[in-house]
Amino acid sequence: MIKISSLVAVTAYTLILTTGAFAAGSHIEIPRNEWSFSGISGQYDKAQLQRGFQIYREACSSCHSLNRIAFRNLAQKGGPEFPEEELKVLASEYEVDALPNEDGEVKKRSAVLSDRFPPLYANEKEARSIHNGALPPDLSVIAKARGTAYVGPWYWHPFAMFADIFNGYQEGGSDYIAALLTGYDEPPETMEISEGMNYNKYYPGHQIAMANPFAGGNNQVEYQSAMIPSTVKQYAKDVAAFLSWASDPTLNQRKQTGWQVLVYLLITGVLLYIAKRRIWASVKH
Amino acid sequence: MKAHNDTYLPSGSISKWIDERLPIMRLMHGQFVDFPTPRNLNYMWTFGGILMFCLVTQIVTGIVLAMHYVPHADMAFDSVQRIKRDVNYGWLIQSIHAVGASMFFIAVYLHIFRGLYYGSYKAPREVLWILGVLIFLAMMATGFLGYTLPWGQMSFWGVTVITNLFSSLDEIVPGLGSSIVTWLWGGYSVTGTTLNRFFSLHFLLPFVIFGLVALHVWALHVSGQNNPTGVEMKVKSDGVPMSPFAVMKDLFALVIFVIMFAWFVFFVPDYLGHADNYIPANPLVTPAHIVPEWYFLPFYAILRAIPSKLGGVIAMFSAIIVLVFIPWLDTSRVRSTKYRPLYRWFFWLFAFTCIALGYLGAMPAEGSYVFWARVFTFY
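Residues numbered from 1 in each chain as written. Chains lettered and ligands numbered in written order. Predicted model: local features only at pLDDT ≥ 70, side-chain atom pairs only at ≥ 80, totals over all residues. Heavy atoms only, no water.

### What about the overall build of chain A?
- Counting its secondary structure elements, chain A contains nine helices and four strands.
- Secondary structure elements in chain A, listed N-terminal to C-terminal, are α-α-α-β-β-α-α-α-α-β-β-α-α.
- Buried positions account for 45% of the 285 residues belonging to chain A.
- Partitioning the contacts of chain A with sequence separation of at least 6, the portion at a separation of at least 24 is 64%.
- For chain A, the exposed area adds up to about 15,500 Å²; of that, 56% sits on carbon and sulfur atoms.
- Distance between charge centroids for chain A: 16 Å, based on 26 positive and 29 negative side chains. (Helix = DSSP H or I, 4+ residues; strand = E, 2+ residues; numbered from the N terminus. Buried < 20%, exposed > 50% of the residue type's maximum accessible area, 1.4 Å probe, protein only. Contact = heavy atoms within 4.5 Å. Areas by Shrake-Rupley, 256 points an atom, 1.4 Å probe, with all protein chains shown as cover. Lys, Arg positive; Asp, Glu negative; His and termini not counted. Charge placed at Lys NZ, Arg CZ, Asp CG, Glu CD.)

As structure tokens, this is what we get:
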């Protein structure tokens with residue numbers, strides 16, 4: 001058994017060391033948050049996802065599309081779980097292309113639950129011309145497309161990676177989004193910001209084309225529940241949680257299934273070990 | 001190992017009828033039930049079975065994924081997202097396949113290092129070893145081709161960098177390298193055409209691996225298994241029948257391995273990947289750092305460590321090819337490293353170098369350790 005555990009340790013360490021090269025890069029330390037969906041057993045908080053969607057609608061959706069999400073997804077289990085009736089009303093506020101009519105014209109129709117959020121721009125060129133040359137990315141998988149870099153001494157890196165694997169840390173993108181949205185600030189005196197750019201503590205290079213979506217400060221968005229503080233920090237966390245769900249809508253099911261599988265495997269493992277011992281008991285080895 | 005007794009007794013009349021015409025069950029019984037296994041094998045000898053499991057898992061999940069995947073430059077990225085979102089249990093199948101590639105490489109590296117440590121490449125197992133190196137090569141090709149399919153930024157730029165390596169051949173024969181690159185790409189740049197043919201090859205190669213594995217197992221069953229002492233089994237009582245002894249032990253090890261596998265699949269499915277690959281491929285934007293999958297990092301490090309492009313390419317490929325010649329480079333008559341104290345040092349130095357190369361990826365001198373670790377094997 002000692003051999004097995006040392007083998008597992010060596011394997012893990014090798015894996016960790018070799019994956020280490022990924023993390024090299026930007027060295028801005030992104031603070032980590034406590035998320036309801038953190039770690040190996042965390043699950044989404046429905047109310048937070050609903051608030052996050054509200055923030056997306058009010059602060060992000062005029063520039064950022066959400067092309068890979070269908071309206072029906074917002075009703076799905078493990079998501080914001082809005083009632084379908086509400087979503088039908090929401091969908092009807094959007095327009096999508098209808099099928100060509102008998103004369104071959106493509107007209108618009110209002111969206112239904114099975115439609116995805118329509119694109120905001122005809123193409124990349126149009127988006128860039130509207131936004132002063134910058135392209136606001138689609139947000140459907142943004143939480144998975146961003147991450148945090150390890151900051152610290154290299155010899156500690158493997159242990160930090162092992163801890164991340166062990167704790168099931170997958171919220172780098174969520175942490176990054178929450179940090180970015182709260183990272184707007186006055187630039188340091190030594191730094192010159194180009195025309196149309198904004199200073200952000202957490203953006204690589206510190207110059208970001210996106211303006212602060214919460215420039216109105218606290219109380220910019222009106223939450224339905226008075227229990228939730230109406231602050232920029234809270235907005236950032238809520239919308240980051242919503243976008244994390246958008247990137248990874250099956251997280252709840254994935255982690256639940258994971259535990260069932262692990263328990264099954266552990267029991268099988270114990271039984272196999274006992275069986276193996278019994279069989280080998282008669283043999284000298 | 002033909003000498004072992006045949007204990008196969010067909011029970012029913014149907015199996016007797018088949019046995020007289022095509023004794024395939026008898027063959028299987030002889031090779032996988034009666035087959036004598038050294039009784040002193042440790043758990044490092046369980047990776048063969050684990051690798052078989054990995055291969056089958058990859059093929060089964062891969063075939064299902066291929067039913068939903070679209071190898072088109074404009075649709076590939078979205079089709080992977082559809083698989084993860086809309087296909088029933090697509091998130092699970094996709095995750096197993098992506099994580100499975102890494103698990104396959106973990107297992108194969110341990111398997112290779114076990115072979116190096118216990119001298120499993122020495123006579124009479126040279127052909128067995130070379131078949132193994134060929135399987136490793138085919139795996140690397142398959143892994144590389146597969147990583148292009150999600151068509152994210154890292155996929156696209158990975159293909160661009162690696163296929164461009166062939167253009168260094170221009171330094172030897174002008175025009176040769178660029179022609180090869182154009183031929184690989186199916187055009188003058190990496191496009192949907194490249195993606196389409198890579199998909200086709202990624203589907204083909206696992207079956208080539210399967211064929212090579214069959215030969216690998218055949219060769220193993222001709223020479224018999226090596227064991228930690230490196231001294232061949234002499235009498236029948238040195239071994240035990242494969243079933244149930246080795247089978248049970250392999251199954252137990254497999255479950256331990258699958259527990260680790262499941263941990264990654266269910267709790268950290270994206271840990272082994274790169275966030276940039278969730279950005280759709282864009283030929284106009286180069287990512288800040290282009291890095292291959294972790295299992296290629298040591299080789300990538302060698303490539304980058306050498307200042308000349310051609311030299312780097314040669315060093316990288318020779319680091320793999322040198323494996324083929326190990327049975328002859330190592331002239332020691334002692335097999336197991338247990339009884340070779342000096343080689344033991346070099347073995348661990350080599351293992352350390354591989355890990356360090358993977359991590360640092362930039363130390364020029366270290367590339368040569370790979371070679372020296374082998375040269376010093378004959379002390």
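### Looking at the pattern of salt bridges
Residue and element names in this part refer to chain A.
- Summed over all chains, the structure comprises 18 salt bridges over all chains.
- Close ionic contact of Arg-32 with Asp-164 constitutes a salt bridge, the shortest N to O distance being 3.1 Å. Here Arg-32, found in the loop between helix H1 (2–19) and helix H2 (46–60), pairs with Asp-164, found in helix H6 (residues 157–167); they are 132 residues apart in sequence, far enough to count as distant.
- For Asp-164, a relative accessible area of 13% translates into the label buried.
- With a shortest N-O distance of 3.3 Å, Glu-93 and Arg-57 are connected by a salt bridge. (Salt bridge = Lys/Arg side-chain N within 4 Å of Asp/Glu carboxyl O.)

### A look at the nonpolar core
- By size, the foremost hydrophobic cluster in this structure holds 111 residues, and its most contacted members are B:Met103, B:Phe105, B:Leu116, B:Phe136 and B:Phe264.
- Residues contacting B:Leu116, with those up to four places away along its chain left out, are B:Tyr121, B:Trp129, B:Ile326, B:Thr337, B:Tyr343, B:Phe347 and B:Phe350.
- Ranked by size, the runner-up nonpolar core spans 42 residues in total, among them A:Phe37, A:Leu49, A:Ile55 and A:Ala111. (Core = buried A, V, L, I, M, F, W, Y, C linked by side-chain atoms within 4.5 Å.)

### Examining the packing of helix H6 (residues 126–148) of chain B against helix H12 (residues 309–329) of chain B
All names here are of chain B.
- Relative orientation of the contacting elements H6 and H12 amounts to 175 degrees, with a least axis distance of 9 Å. Judged by the angle between their axes, H6 and H12 are roughly antiparallel. For the pair formed by H6 and H12, the contact residues are Glu-126, Trp-129, Ile-130, Val-133, Phe-136, Leu-137 and Met-140 on the first element and Ile-320, Leu-323, Val-324, Ile-326, Pro-327 and Trp-328 on the second.
- Class assignment of the residues belonging to the contact of H6 with H12 gives a composition of 12 nonpolar, no polar and one charged. (Axes fitted to C-alpha atoms, helices over the stretch in contact; angles between N-to-C directions. Parallel < 35°, antiparallel > 145°, perpendicular 65-115°, else oblique. Nonpolar A, V, L, I, M, F, W, Y, C, P; charged D, E, K, R; others polar.)

### Describing the interface of chain A and chain B
- Taken together, the 59 residues of chain A in the interface contact 54 residues of chain B.
- Carbon and sulfur atoms make up 73% of the surface buried where chain A meets chain B, a total of about 5,500 Å² over both sides.
- A:Arg72 serves as the salt-bridge partner of B:Asp86, at 3.5 Å between the closest nitrogen and oxygen.
- The interface formed by chain A and chain B includes 11 residue pairs in polar contact (both at pLDDT 80 or more). (Buried area = accessible area lost by both parts, 1.4 Å probe. Polar contact = N/O pair within 3.5 Å; in protein donor to acceptor, adjacent residues only side chain to side chain.)

### Side note on the state of the cysteines
All names here are of chain A.
- One pass over the structure, following the stated rule, counts zero disulfides over all chains.
- With no disulfide of its own, Cys-63 has Cys-60 as its nearest cysteine by sulfur position, at a separation of 8.9 Å.
- By relative accessible area, Cys-63 is classed as partly exposed at 28%. (Disulfide = S-S within 2.5 Å.)

### Looking at the confidence of the model for chain A
- Residues of chain A with pLDDT of at least 70 account for 91%, and the chain-wide mean is 88.
- Taken as a whole, residues 16–26 of chain A scores under 50 in pLDDT and shows 34 contacts with residues more than four places along the chain or in a different chain. (pLDDT = per-residue confidence, 0-100.)

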